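A look at the structure
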Amino acid sequence: MCLAEASGILGKSTAFASTVGRSMTQRFETTPSATRELHQLLEQLTEFQGVMEQSAAADRQDRTVNAALREHLQDCHTQLLRVIGDLEQKLQQRESVESALRESEQRFQSLYDNNPSMYFTLSPEGMVLSVNKYGAEQLGYRPSELIDRSVLAVFKPEDHEVVLEQLNVCTTNPGKLFEWEIQKIRKDGAVLWVKERAQAIEDRTGRILVLVVCEDVTARRLTQDIIRESEERWRALFEHAGVGITQLSLTGRFLRVNPRLCETLGYSSKTMMQLTFQELTHPDDLPVNLRYLEELKAGTLPSFSMDKRYRRSDDTWIWVNLTGSLVRAASGAPDYFIAVIEDISERKRAEEALRASELLLQRFVSEAPVGLVIVDDQRRVLTANKTFCELTGYKEHELLGQTYDLYTHPDDLAGNHKLTDEFYRGLREEYTIEKRYLRKKGDMIWVSVKAAGIDLPNHPGPLILAVVQDITDHKRATEERERLSQDLHDNILQSLYAVGMQLEASRLAAGKSERKSKVHASQAIDQLNHLVSDVRHFIALLKRGTSPRMDLRGALHQLVSAFSAAGQHPPELDIKEGVLDLITPDQAEQLLNIAREALSNSVRHAKAARRSVRLVRLGPTRVRMQVCDDGIGFIPRLKRKQGHGLVNMAARAKKIGARLRLTSQPARGTCVTVDLSTVESA
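The present account deals with the structure reproduced in this document. These numbers come from a predicted model, not from an experiment.

The rules behind the values
- Residues numbered from 1 in each chain as written.
- Predicted model: local features only at pLDDT ≥ 70, side-chain atom pairs only at ≥ 80, totals over all residues.
- Heavy atoms only, no water.
- Disulfide = S-S within 2.5 Å.
- Helix = DSSP H or I, 4+ residues; strand = E, 2+ residues; numbered from the N terminus.
- Buried < 20%, exposed > 50% of the residue type's maximum accessible area, 1.4 Å probe, protein only.
- Expected span 1.5 Å × (residues − 1).
- Arc of directions from axis to C-beta.
- Contact = heavy atoms within 4.5 Å.
- Pairing = 2+ DSSP bridges.
- Axes fitted to C-alpha atoms, helices over the stretch in contact; angles between N-to-C directions.

1. Structural notes on the state of the cysteines
Per the counting criterion, the structure on display carries one disulfide. The disulfide partner of C628 is C671, and the S-S distance across this bridge is 2.1 Å. Placement of the pair is C628 in strand 18 (residues 622-629) and C671 in strand 20 (residues 669-677), with a sequence separation of 43 residues. For C671, a relative accessible area of 11% puts it in the buried group.

See the structure below:
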């Protein structure tokens, strides 16, 4: 080969190498298959090298040119191998990076969707461009339900203007972080409090986006509301309490004092803050006070209460009741003391005055034959003599400090309170009342109480001195008289009324049937004779102090006979077998009187053709008596006024523990029913 040809070949090889280099670079940059094409190029170069070697063998005259060409080709070959190796390494790195990037994107997407915070990407106008899964679920939506919708859909209508204003502030201040708390509305209408952090950014195209991160703070807000309300209540209690309240350091210095404590001790709050309680406590009371505080700190005492003396700003001593407790820090270590201080100087003076006058009062009342007791304006017993203690059954120490509610019958309390209140209001100077005492053992007595005002030395205001007498026997005699009066009304007057009915029937029959007239007159005479006998028997029993007894069956037969009149059927009497065995004499007496009153009312008012009296058993221990008629009846709920007879029947039923019912219907008659539980069931 000639030199020119060799030079041409060399030039071509150089141009080829340059072309290969550009092609290699371009292919690497543009396609992932560059490695494969470079290998093909390497094969072509190898073939070219073989051609060159053949050319060199054919033309051995110009060894210098061939040597240079071979060296150049060898360099190209080496360079190609190095470039191919680099490209393969870079491609492997690129695949590794792309794989890591895909994994990172997956992790980011999972973190974005499931992070326990709400992420929103918004347009400046408030359109939702993206939202994470957690955020949508917290609001009750799927992400697709929120994307491309206005974010105002999850806010209250009244907050829309505020939300738009906040978006505007963010978009006009890119890169600046803003925070606020606001309420969001769930799809189901529930309300969430959220803390929002928002920042405006520019994307690659220069478009403004607003990134919003929301944290649910509903629980914290509720807790804050509760704490705030609690603090407000505590502040109100502290500032307006009727007793002194203070917060003390562990060394005894006043850290906080309320107005009432300052008023009680006469110091300003500023002055109090410069003092310790030790400086104001009476020396005799300080050791006990300090011991209690040490026990609080040691945890052996939850709280304590004691009476002690405090020095006021005018150097006088006042008595207070102190209640103290310890507040511990979150770690459990003692933090500070809380003390509640109540001025009890008046109570102490009253106690001292009471002790001073106690001996004098005891001498005056100890031997009195009537009960003597002194009570204050709170109805509390200040002193009681021996007779009064015997009346109530309590010892004196059990009565002192107690109100008379302790031994007064509950039914008599309201009237007693009224009289006592009127006395202390100045509406009366004295009063007298009859009431019942419930003695300590449970028995009851009647007493007469005469109350008047009394003054004691060193005791402010008037007190009540009550003179108490036992009138139980007198009340029993009065009740007996009332019972006799009631019996006279029910027995004598009703019997006389029955006699009158027979005489009236006799008069009406006189012109029509002489025989019937004589029968009624004879019945009237028999009833009068029986009535005279009853009156004599009644008088004899009264002289012996016993109550009359009767045969209920016979008495009921006589009763229905007495209420038979001309033109009317005699009342029907139905007494079931064994029922009378369940009825006591006292119950029999009251049942007879109720039956008499019911029949009398029926005869006078009902215009009935038929009447009946029935006694039946409702069970082993229950009895029912019914007095019924078929008269004109009435509507019970329209009956405006109860007669004396109905009141008597109700009173007699109550006396034997029975239940009385009155039933009636217009044109269908009236029925009086008495249900009685007998002695066996008691």
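2. Some remarks on helix 6 (residues 160-171)
For helix 6, spanning twelve residues, the distance from its first C-alpha to its last is 17 Å, which sits close to the expected 16 Å at 1.5 Å a residue. Inspection of helix 6 places V163, Q166, L167, C170 and T171 among the buried residues, and these make up the whole buried set. With its buried residues spanning 130 degrees around the axis, helix 6 presents them on a single face. Across from the buried face of helix 6, at angles greater than 90 degrees, the exposed residues are E161 and E165. Contacts made by the buried residues of helix 6 are with strand 1 (118-122), strand 3 (177-185), strand 4 (191-202) and strand 5 (208-216).

3. Side note on the sheet that holds strand 16 (residues 572-575)
Pairing in this open sheet of five strands is mixed, and the strands run 16-17-18-20-19 from one edge to the other. A strand with exactly one partner marks an edge of an open sheet, and here the two such strands are strand 16 and strand 19 (659-665). Within the sheet, the average angular offset between the axes of one strand and its neighbour, ignoring direction, is 15 degrees. In this sheet, strand 17 (residues 611-619) lies alongside strand 16 in parallel orientation, the contact comprising four bridges. Across the sheet, I575 pairs through a bridge with L615, a residue of strand 17. Along the sheet face, helix 18 (residues 552-562) touches strand 16 and strand 17 and points at about 165 degrees away from the line of strand 16.

4. Notes on the pairing of strand 3
Judged from the nine bridges that link them, strand 3 and strand 4 form a sheet pairing that is antiparallel. By the bridge assignment for strand 4, I182 is matched with V194. Counting the residues that bridge the hairpin from strand 3 to strand 4 gives five residues, and of these G189 lies at a positive phi of roughly 95 degrees.

5. Things to note about unusual backbone geometry
What is expected of a backbone is that most residues other than glycine have negative phi and most peptide bonds are trans. One non-glycine residue with positive phi stands out, namely D148, at about 70 degrees. Mapped onto the secondary structure, D148 falls in the loop between helix 5 (143-146) and helix 6. One non-glycine residue with positive phi stands out, namely R379, at about 65 degrees. Along the polypeptide, R379 turns up in the loop between strand 11 (371-375) and strand 12 (381-384).

6. Examining the pairing of strand 20
With eight of nine residues buried, strand 20 lies mostly within the body of the structure. The pairing of strand 18 with strand 20 spans seven bridges and is classified as antiparallel. Note that in strand 20 the partner of C628 across the bridge is C671.

Coordinates in, geometry out; function isn't part of it.
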